[in-house]
Amino acid sequence: MSLLAAAGLWGPPGLLLTFALHPALCLRPAPTSGPPHRDYCVLGAGPAGLQMAYFLQRAGRDYAVFERAPRPGSFFTRYPRHRKLISINKRHTGKANAEFNLRHDWNSLLSHDPRLLFRHYSSAYFPDAGDMVRYLDDFADRLGLHVLYNTTIAHVTLNKDRQAWNGHYFILTDQRGHAHRCSVLLVATGLSVPNQVDFPGSEYTEGYESVSVDPKDFEGQNVLILGRGNSAFETAENILGVTNFIHMLSRSRVRLSWATHYVGDLRAINNGLLDTYQLKSLDGLLESDLTDLAIVKDREGKFRVTLKFFLEEGNQSADAITLPQDDNDNFAMRVAYDRVIRCLGWNFDFSIFDKSLRLSSGGEFSKKYPLVKASYESKGSRGLFVLGTASHSVDYRKSAGGFIHGFRYTARAVHRLLEHRHHSVAWPSTEHPISQLTSSIVRRINEASGLYQMFGVLADVVLLKENATAFEYLEELPVQMLAQLETITGRRARHGLFVINMEYGRNFSGPDKDVFFHDRSVGHTEDAWQSNFLHPVIYYYRHLPTEQEVRFRPADWALPRPTAIHHIVEDFLTDWTAPVGHILPLRRFLENCLDTDLRSFYAESCFLFALTHQKLPPFCQQGYLRTQGLVGTESLRRHREERRFPQGYATVGRRREDGAPGPEGGPLAPGPPLLQPHDSNKEEL
């Protein structure tokens, strides 16, 4: 604009225009000085919080992690109390495949940096908790994650706003009174509140979180432990050799992890008390509901167990209270105890969350875990996701979602959901010709760690293209979200789909199961559906299941009833690559579902098919007819010489020694096969 034009604008007409626009100019909202805003807020810099921070950072998102301690992994600076982790650190598998090795590495988080594998931090099979602290410190530091240390979030509430992603913002107030605003809240605070059962005399108990860990403090004492989990047995293991005896009391029977196939149940590393109990070396296990009991202190300062209703008979002195042995001199707990230790597990800390967030329903189970959907999103507040141990209600006693080797994958699944919901980034997938379907599935069931560790919870999904000429492969989708696949992934399931899941036999897991019975393993392909140990199961659906079908699926089924189902027989080595026992039955199942031939053929076979059939197998359509045959190898050339084929018989797939292409203008031109002519009576794999 020229100076004269500018001067004209501010003449009488321009001045009039300015006055006319003045009200509109005044209506523009003035910038506010509200709390600092971030798209994503992560509460807690433990393993789950750092894992999510990694995914957000790699995606270039606006986020911050809030951590009350001066360093990450503060839980592990104190727990477990006796410092030995029960997550295995298997440093050697005989395999070089990094994805496969994660199946047996229960401590590493997912990252692109091979230095950040836990095997570099400890050589112990069951590592020290201090090694985990050091590992998490390095993970946050080397990756440059945005963590605000020494920042305790004291209160979380909602601020409704139509312009927000989810119709509201989350307002976080820290210990200094500073507010922080975010669009999505990711809670990774774990379980930090000791579970306590209120019964008469519970004030006499010492908590796992504070009891001495020095065995000398228990020498020559009678000890009663309340609880039946790993913390209870860990405590017992520490003092087993110095006490007079240890009695362990709990409402439920002992659950052995090798029987339930749930890693949160009692592990072999801590079960010394079971040995001394069954071999009658004074220690013992008892079952009773704690709410029916009471603990009283006698005049000598020792603790005695009685029944609660005896106390309710009247206000009697401690020495006058009736004890069970007064009526039954064979009462199991008639001895006096020097110590009573409470080891009843942990609960989620709901105290900082406003009731408007509706994280808890007030039910018994929801005292331990927040209420979340299968997507790990809160049932009460859209945009609030729960990660890590606190999200374990989705697969409690079913899979590994409450532990690092499980929730590192569920955190990735949540991140993928958020990427599509807020940034229009579809769920990652790869597209392949249908001839590669068998090999794609075989590769995943033999390598994938997420499928292996989160069995029954995360599954791979194959989406078929029109006429089954190609497919899309999606990895590690929450199976209970299958009906919402198109909404949460941005992918289309219009022409049928396969779901690849890992499962144990339906009658093989449980505290009362004998998992060492004589014929426990299945070895024959025809009996694959009776496999007991973890094995792949492939579901085929002609149409995407509905939410109602997912919700009302058969009891003990991970998925709704499919059009067809295939069990790959269990394998002692968890190696499903046997050509006849594993791959051939799988390929035939896929062929039956698709009504096509998924075999690979040599060039001559494709040539004969082209002359004698109207419809060619997909491999010939996608390979031979596009001048893409099988590449020649040295072993095939030796085979040609042994069979005394003519010298020009193996020109396909070979370049001349001078580097020029073969006779059809390319290295993979159609022509006779590199092997012997096709035998129509011999099936090609």
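Residues numbered from 1 in each chain as written. Predicted model: local features only at pLDDT ≥ 70, side-chain atom pairs only at ≥ 80, totals over all residues. Heavy atoms only, no water.

Going by what an unreviewed UniProt entry lists, the chain is known as FAD-dependent oxidoreductase domain-containing protein 2 isoform X1 and is assigned to Acinonyx jubatus.

Participant: Please give an account of the pattern of salt bridges that cites residues and values.
Facilitator: The full count for this structure, using the stated rule, is 21 salt bridges. Between K302 and D338 there is a salt bridge, with its nearest N and O atoms 2.3 Å apart. Highlighted residues: K302 in the loop between β12 (293-297) and β13 (303-307) and D338 in the loop between α10 (324-327) and β14 (339-342), separated in sequence by 36 residues. Between K465 and E472 there is a salt bridge; the shortest N-O distance is 3.4 Å. Owing to a relative accessible area of 8%, E472 belongs among the buried residues under this scheme. (Salt bridge = Lys/Arg side-chain N within 4 Å of Asp/Glu carboxyl O. Helix = DSSP H or I, 4+ residues; strand = E, 2+ residues; numbered from the N terminus. Buried < 20%, exposed > 50% of the residue type's maximum accessible area, 1.4 Å probe, protein only.)

Participant: Help me get a handle on helix α6 (residues 230-239), residues and values and all.
Facilitator: Within α6, eight of the ten residues are buried, which leaves it mostly tucked inside the rest of the structure. For α6, every residue scored as buried is listed here: N230, S231, A232, F233, E234, T235, A236 and I239. Looking at the buried residues of α6, the elements they touch are β9 (222-226), β10 (245-250), α8 (272-278), β11 (284-287) and β14. (Contact = heavy atoms within 4.5 Å.)

Participant: Summarise unusual backbone geometry; cite the residues concerned and give the values.
Facilitator: For residues other than glycine, phi is negative in most cases, and the peptide bonds are mostly trans. The omega torsion across Y79 and P80 is -5 degrees, close enough to zero to call that bond cis. Residue position: P80 is located in the loop between β2 (63-66) and α4 (98-101). The backbone phi angle of K280 is positive, close to 55 degrees, even though this residue is not glycine. Structurally, the position occupied by K280 is in the loop between α8 and β11. Looking at K280, the relative accessible area reads 66%, which means it is exposed. Although it is not a glycine, R397 sits at a positive phi angle of roughly 60 degrees. Within the fold, R397 resides in the loop between β16 (384-386) and α11 (404-423). A relative accessible area of 33% places R397 in the partly exposed class.

Participant: Requested: an account of the packing of helix α12 (residues 437-447) against helix α16 (residues 579-594), with residues and values cited.
Facilitator: Following both chains from N to C, one finds α12 and α16 inclined at 130 degrees, their axes separated by 10 Å at the closest point. What the angle tells us is that α12 and α16 run oblique. Note that α12 runs across α16; the crossing there is right-handed. Residue-level inspection shows L437, T438, I441 and V442 of α12 in contact with α16, the latter providing I583, L586, R587, L590 and L594. Of the residues belonging to the contact of α12 with α16, the class tally is seven nonpolar, one polar and one charged. (Axes fitted to C-alpha atoms, helices over the stretch in contact; angles between N-to-C directions. Parallel < 35°, antiparallel > 145°, perpendicular 65-115°, else oblique. Left-handed = near helix turned anticlockwise from the far one by under 90°. Nonpolar A, V, L, I, M, F, W, Y, C, P; charged D, E, K, R; others polar.)

Participant: Kindly report on the nonpolar core, identifying the contributing residues and their values.
Facilitator: In a soluble, globular protein the nonpolar side chains are often hidden away together inside. By size, the foremost hydrophobic cluster in this structure holds 68 residues, and its most contacted members are L186 and L482. Sequence-distant contacts of L482, defined by excluding residues within four places in its chain, comprise V461, L477, L497, V499, Y541, L544, P545 and L559. (Core = buried A, V, L, I, M, F, W, Y, C linked by side-chain atoms within 4.5 Å.)

Participant: Describe the state of the cysteines, listing the residues and the values that go with them.
Facilitator: Two cysteines whose sulfur atoms are joined by a covalent bond form what is called a disulfide. Going through the model one piece at a time under the given rule, you end up with one disulfide. Through a disulfide, C606 is tied to C620; the S-S separation comes to 2.0 Å. The sign of the -80 degrees torsion about the S-S bond sets the C606-C620 disulfide as left-handed. Of the two residues, C606 sits in helix α17 (residues 603-612) while C620 sits in helix α18 (residues 618-622), which places them 14 residues apart along the sequence. Across the pair, C620 and C606 agree in class, each one buried. (Disulfide = S-S within 2.5 Å.)

Participant: If you had to explain the pairing of β13 to someone new, which residues and values would you point to?
Facilitator: Bridging between β12 and β13 involves five bridges; their strand directions are antiparallel. In the strand pairing of β13, L293 is matched with L307. Between β12 and β13, which pair antiparallel one after the other, the connecting turn spans five residues, and G301 there sits at a positive phi close to 85 degrees. (Pairing = 2+ DSSP bridges.)

Participant: Residue-level account of the sheet that holds strand β20 (residues 497-503), with values.
Facilitator: Reading across the sheet, the six strands line up as β17-β19-β18-β20-β21-β22 and stay open at both edges, with antiparallel pairing between neighbours. The strands lining the two open edges of the sheet, one partner per strand, are β17 (429-433) and β22 (564-567). Across the sheet, the mean angle from the axis of one strand to that of its neighbour is 20 degrees, orientation sign disregarded. Both strand β21 (residues 535-541) and β22 contribute to a ladder of four bridges, which runs antiparallel. Across the sheet, residue I538 finds its bridge partner in β22, namely H566.

Participant: Requested: an account of the sheet that holds β11, with residues and values cited.
Facilitator: Sheet architecture is open: five strands sit in the order β8-β14-β9-β10-β11, paired in parallel fashion. Each having just a single partner strand, β8 (206-207) and β11 make up the two edges of the open sheet. Bridging between β10 and β11 involves four bridges; their strand directions are parallel. Across the sheet, the residue bridging to S250 is E287, located in β11. Seen against the sheet, α6 touches β9, β10, β11 and β14 and runs at an angle of roughly 175 degrees to β10.

Participant: Help me get a handle on the packing of aromatic side chains, residues and values and all.
Facilitator: In the structure shown here, the tally under the stated rule is 28 aromatic pairs. For the pair F348 and F353, a centre-to-centre distance of 5.8 Å together with 20 degrees between the ring planes defines the contact as stacked. Using a relative accessible area of 3% as the deciding quantity, one classes F348 as buried. For F353, a relative accessible area of 9% puts it in the buried group. Through successive ring pairs, a cluster of aromatic residues spans Y54, F55, F118, Y121, Y135 and F139. Directly above the aromatic system of F100 lies the positively charged group of K95, at a separation of 5.2 Å from the ring centroid. (Phe/Tyr/Trp six-rings, centres within 6.5 Å; stacked < 30°, edge-to-face > 60°. Lys NZ or Arg CZ within 6 Å of the ring centre and 35° of its normal.)

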